[in-house]
Amino acid sequence: MSAQIIDGKAIAIEVRKQWKRRADQLKEQGILPGLAVIIVGDNPASRVYVQNKIKACHEVGLYSELHDLPGDISEEMLLAKIEDLNQNPSLHGILVQLPLPDHINVNKVLETISAKKDVDGFHLYNLGGLIAGNTVFPPCTPYGVQCLLEYSNIPIEGQNAVIVGRSNIVGKPMALMLLQKNATVSICTSKTRDLKQFTSLADILVVATGKVNLITADMVKPGAAVIDVGINRLESGKLVGDVDFEGVREVAGHITPVPGGVGPMTITMLIANTIMSAEQTIHPQ
Ligand code: GUN
């Protein structure tokens, strides 16, 4: 039997509608949620992501501003810019698009963003909150995956969740979020010995490694929910994930496509976090 395709595009539209209602309520109280997006240098992929983030703000009716900074900006000037945005009351979220040029210390940058405006969820304070089980801003991609699972009525509690990939942006926070929902969580990497031994136990399999076709049908438990966070561009120009979609869809119970699965949810959760941040100016946690 062929898996049910999780339509991230359609779910993102529904979720954005819900958050737009919350933004509209804030506006009635005189608060316009605002997001600052900083891009440093000329990474073409980053430029597309940043444009999509600004576009999503317009669609949901949020205020946004783009700070397009040269690739040779000094670390000191970038930190000063962030400090400046931290003080601006019309901004509820600040995001610095990654990666940054090599001469800039990324950890320093992420720690300079006020934890109260860290809508990416990358600040140590928010990462620590994930460990404690009460993070304010969950990182957007794993938050989007959690939302896809919930929207698709896929149970989490008591299920075996296997995460392949241990990045700070996806793998590690994803594991903590599913653990918080009482899943039994294993974290693997693309280097895990006999990866199949772990993936074949997964009721929920989340893959985020950037390796094309890492997960094939023989590695997947029949009926599993397979969430593909990978985005890889083949030489032909085609976008694919880390999962052999055509093979795995014949075994899985649910599967996300690439594109059109996790991708649309990431920006949606950025919007959600920005609106949540604005709400907290009225009801501080
Ligand atoms: N680069 C790749 N993914 C992300 C993300 O979620 N946030 C930021 N700021 N940069 C990224």
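Here is what the cut-offs are and how they apply
- All residue numbers refer to positions counted from 1 along the written sequence of the respective chain.
- Owing to the predicted nature of the model, reporting of local features is limited to residues with pLDDT of at least 70; listing and counting of side-chain atom pairs is limited to 80 or more, with chain, interface and lining totals taken over all residues.
- Values shown for side chains rest on all heavy atoms present in the structure; no hydrogens or waters enter the calculation.
- Numbered from the N terminus, helices here are DSSP runs of H or I no shorter than four residues, and strands are runs of E no shorter than two.
- In this scheme, a helix's expected span is set at 1.5 Å multiplied by one less than its residue total.
- Only protein chains enter the accessibility calculation, which uses a 1.4 Å probe. A residue is then buried if its area is under 20% of the maximum for its type, exposed if over 50%, and partly exposed in between.
- Throughout, the term near means that a residue has one or more heavy atoms lying within 4 Å of the molecule or strand in question.
- Here a polar contact is recorded for every N or O atom pair within 3.5 Å, except that within protein the pair must consist of a potential hydrogen donor and a potential acceptor, and residues adjacent in sequence are included only if both atoms are side-chain atoms.
- Basically, the charged four are Asp, Glu, Lys and Arg, the nonpolar ten are Ala, Val, Leu, Ile, Met, Phe, Trp, Tyr, Cys and Pro, and anything else, Gly included, counts as polar.
- Each patch groups residues whose relative accessible area exceeds 30% and which form no salt bridge, using 9 Å between like charges and 5 Å between nonpolar side chains of Val, Leu, Ile, Met, Phe, Trp and Tyr.
- Here the Shrake-Rupley method, with its probe set to 1.4 Å, supplies the accessible areas, and only the displayed protein chains count as covering residues.
- Any carboxyl oxygen of Asp or Glu that lies within 4 Å of a side-chain nitrogen of Lys or Arg is treated as forming a salt bridge with it.
- By the counting rule applied here, Lys and Arg register as positive and Asp and Glu as negative, while His and the ends of each chain are not counted.
- Every charge is mapped to an atom, namely NZ of Lys, CZ of Arg, CG of Asp or CD of Glu.
- When DSSP finds two or more bridges between a pair of strands, those strands are recorded as paired.
- Whether two residues are in contact is decided by their heavy atoms: any pair within 4.5 Å suffices.

Peer 1: Let's hear about unusual backbone geometry: which residues, and what values?
Peer 2: Backbone torsion omega between Leu 98 and Pro 99 reads 5°, so that peptide bond is classified as cis. Checked against the element boundaries, Pro 99 lands in the loop between strand E4 (93-96) and helix H4 (106-112). Cis peptide bonds are those with omega within 30 degrees of zero, and the linkage from Val 258 to Pro 259 qualifies with 0°. Despite not being glycine, Asn 213 has its phi angle at roughly 60°, a positive value. Looking at the element boundaries, Asn 213 is found in the loop between strand E7 (204-207) and strand E8 (225-228).

Peer 1: Any details on helix H10 (residues 263-280)? Residues and values, ideally.
Peer 2: Given 3.6 residues per turn, any residue in an α-helix points the same way as the ones three and four places further on. Helix length check: H10, at 18 residues, gives a terminal C-alpha distance of 27 Å against a target of 26 Å (1.5 Å per residue), a fit within 8%. Counting buried residues along H10, 16 of its 18 residues qualify, which places the element largely inside the surrounding structure.

Peer 1: So what's going on with the site of the ligand? Residues and values would help.
Peer 2: Around the ligand, a shell composed of Lys 53, Leu 95, Val 96, Gln 97, Leu 98, Asp 120 and Phe 122 is seen. The separation between a nitrogen atom of the ligand and a polar main-chain atom of Leu 98 is 2.9 Å. Here a nitrogen atom of the ligand sits 2.6 Å away from a polar atom, N or O, in the side chain of Asp 120. In terms of residue class, the shell around the ligand is built from 4 nonpolar, 1 polar and 2 charged.

Peer 1: I'd like a description of a positive patch on the surface, backed by residues and values.
Peer 2: Taken together, Arg 166, Lys 172, Lys 191 and Lys 211 make up a surface patch of like positive charges. As for its position among the elements, Lys 191 is in the loop between strand E6 (184-188) and helix H8 (195-199).

Peer 1: An account of the environment of His 123 is requested, with residue identities and associated values reported.
Peer 2: Within the secondary structure, His 123 is located in the loop between H4 and helix H5 (124-132). One polar contact links the side chain of His 123 to the main-chain amide nitrogen of Tyr 125, over a distance of 2.8 Å.

Peer 1: So what's going on with the pairing of E7? Residues and values would help.
Peer 2: Along E7, one buried face is formed by Ile 204 and Val 206 and the opposite face, lined by Leu 205 and Val 207, is buried too. Note that strand E5 (residues 160-164) and E7 share 4 bridges and pair parallel. Looking at the pairing, Ala 161 lines up with Ile 204 of E7. Inspection of the sheet shows E7 paired to E8 by 4 bridges, in the parallel sense. Residue pairing in the sheet places Val 206 in a bridge with Ile 227 of E8.

Peer 1: Can you break down the side chain of Gln 146 residue by residue, with the values?
Peer 2: Mapping Gln 146 onto the fold places it in helix H6 (residues 140-151). Residue Gln 146 is classed as buried on the basis of its relative accessible area of 11%. Leave out the neighbours within four places in its chain, and Gln 146 touches Met 174, Met 177 and Lys 181.

Peer 1: An account of the pattern of salt bridges is needed here, citing residue identities and associated values.
Peer 2: Counted by the stated rule, this structure contains 12 salt bridges. A salt bridge links Glu 14 to Lys 17, with the shortest nitrogen-to-oxygen separation between them at 3.2 Å. Of the two residues, Glu 14 and Lys 17 both sit in helix H1 (residues 8-28), 3 residues apart, roughly one turn of that helix. Assessed through its relative accessible area of 35%, Glu 14 is described here as partly exposed. Between Arg 22 and Glu 279 there is a salt bridge, and its shortest N-O distance comes to 2.7 Å. Residue Arg 22 is located in helix H1, and its partner Glu 279 is located in helix H10; the two are separated by 257 residues in the primary sequence. Given a relative accessible area of 33%, Arg 22 falls into the partly exposed group. Residue classification places Glu 279 among the buried positions, given a relative accessible area of 18%.

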